[in-house]
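Reading the structure
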Amino acid sequence: MRDSNFLIEQNGKPIWHPMAHPAEMRKAPPRVIMKGEGTHITDIEGRTVLDAVGGLWNVNLGYSCDPIKRAIAEQLDALPYYSGFRGTSTGPSIELAYELVEFFAPDGMARAFFTSGGSDSVETALRLARQYWKIRGQGDRTKFIALKKGYHGTHFGGASVNGNANFRRNYEPLMPGVFHVPAPYTYRNPFDETDPERLARLCAKALEDEIAFQGGDTIAAFIMEPVMGAGGVIVPHESFMRLVREICDRHEILLIADEVVTGFGRAGAWSGSRLHGVKPDMMTIAKAVTCGYFPLGAAMIGEKVADVFEADKTSFGSIGHGYTYSGHPVGCAAGLAALAETRRLKVDENAAARGLELADMLEGLKRKHAVIGDVRYKGLMAALELVSDRETKKPADKAIMGKVSDAAYDAGVMLRVSGSNIILSPPLVLSARDIRKIGEALDTGLRCVG
Ligand code: PMP
């Protein structure tokens, strides 16, 4: 590799970064991260900070997980790649599918379809949902309903069910037949309802209303994140997903739980669906399936859906969908090691326990800093929504967000800014001391704009 002067000089020039303006990246190049150890990362200038972002919600086991590294190296030696398309399979993909089916059996999952990441998993689930109805002779069921503020990746299907305008507008027209209903977002919602339980009922009613308007027998599936991540860690009332499940059942609509962030313990339970006591019909997973050590994802398929495909006697059941890297043996070997460590370390329990400390810390900061409009959290996913005025709830501007995150970085903690939210999604193996450190750095950052 070339020296660091070269990297600094070229930073932001030949590469276009996701979710960034290319011109801005040229003008103010991003931080270059060179090393990771435990829960910390080190940048090109040699500064080591606690990673409160956990890579991108995914490095649940931190950066020094030797069993995953070893599994990857061993699999590279044995077989770096072979296809999973009809006709061939590989050992690690069979084994990981077996393990994932067992892991998500309490959620009603029965099969795994491997992908290369979260967007692929969402695309797979949407496509299989349509196919499911074609097999059942109800080819009219093609529409999807999703939540405003939901994030489901960036493929055209995923972007179409996405509920954030900034990921849609520049790519329109998106897929037809997709409709959105209000999210149970207590801080801002069209009903001006601040009680989470009442809001859950109102949002459920809005869903029911949209279904009636569209015609239930035209809808293939409803997709939602059990705890909404990228839209700003919106935590629905515990009743919401159960209400959604009842509505979907009443209208025979498939329920897809997008668990790309919430799968594997982040919200303090092994899945967000389990947290809410709901069994979806399909689940999308990625991120922590390998904890970021290799790109991999899966659409998990529930028993009801699997039964229809496997009992199919029409010409509709063959899956005309898949990726070169579906079931990549190195990714699956990484996944097997990550899952074993995830279970051994009971990271769901640590996420729940540290999550309570994180919640206390955030509530304390909210009492202290008027720039915080709202704090939201579940397990080890949290957001601080900053406002320039608590009365009008005017979102804080880019300059304020930049100042807070830069000062926190100088104080030793990497934060992530998304719009007017500061997002926290640290590794799930962090300690109580790490939580205090995040609190101190946030306090330092927020004081700069107070
Ligand atoms: N779904 C959810 C809920 C996500 O949070 C993300 C990514 N943050 C995706 C899908 C897309 O995953 P990927 O970026 O791996 O394509």
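The paragraphs below set out a description of the structure included in this document. (Residues numbered from 1 in each chain as written. Predicted model: local features only at pLDDT ≥ 70, side-chain atom pairs only at ≥ 80, totals over all residues. Heavy atoms only, no water.)

Once that is clear, we can look at the overall build of the chain. Looking only at helices and strands, the chain features 15 helices and 16 strands. The C-alpha atoms of the chain give a radius of gyration of 22 Å, which matches the 22 Å a tight globule of 450 residues would have. For the chain, the spread of C-alpha atoms along the principal axes amounts to about 65 × 60 × 40 Å. The burial tally for the chain puts 56% of its 450 residues in the buried class. When contacts within the chain are restricted to residue pairs at least 6 apart in sequence, long-range pairs at least 24 apart make up 72% of them. For the chain, the accessible area works out to roughly 20100 Å², and carbon and sulfur atoms hold 52% of it. (Helix = DSSP H or I, 4+ residues; strand = E, 2+ residues; numbered from the N terminus. Rg over C-alpha atoms; globule rule 2.2 N^0.38 Å. Buried < 20%, exposed > 50% of the residue type's maximum accessible area, 1.4 Å probe, protein only. Contact = heavy atoms within 4.5 Å. Areas by Shrake-Rupley, 256 points an atom, 1.4 Å probe, with all protein chains shown as cover.)

To continue, consider the site of the ligand. Around the ligand sit Gly 117, Gly 118, Ser 119, Tyr 151, His 152, Gly 153, Glu 225, Asp 258, Val 260, Val 261 and Lys 287, and that is every residue in its neighbourhood. Between the ligand and the protein, one listed contact pairs an oxygen atom with a backbone N or O atom of Gly 118 at 2.8 Å. At a separation of 3.1 Å, a nitrogen atom of the ligand approaches a polar side-chain atom of Lys 287. In isolation the ligand offers 390 Å² of accessible surface; the protein chains occlude 82% of this area. (Near = heavy atom within 4 Å. Polar contact = N/O pair within 3.5 Å; in protein donor to acceptor, adjacent residues only side chain to side chain.)

Before going further, it helps to examine the packing of aromatic side chains. Under the definition given, this model contains 7 aromatic pairs. Three or more aromatic residues joined by ring pairs make a cluster, and in this case those are Phe 103, Phe 104, Phe 264 and Trp 270. When the ring centre of Phe 6 is taken as reference, the NZ or CZ atom of Arg 2 above it lies at 4.3 Å. Seen from the ring of Tyr 409, Arg 31 lies directly overhead, with NZ or CZ sitting 3.6 Å from the centre. (Phe/Tyr/Trp six-rings, centres within 6.5 Å; stacked < 30°, edge-to-face > 60°. Lys NZ or Arg CZ within 6 Å of the ring centre and 35° of its normal.)

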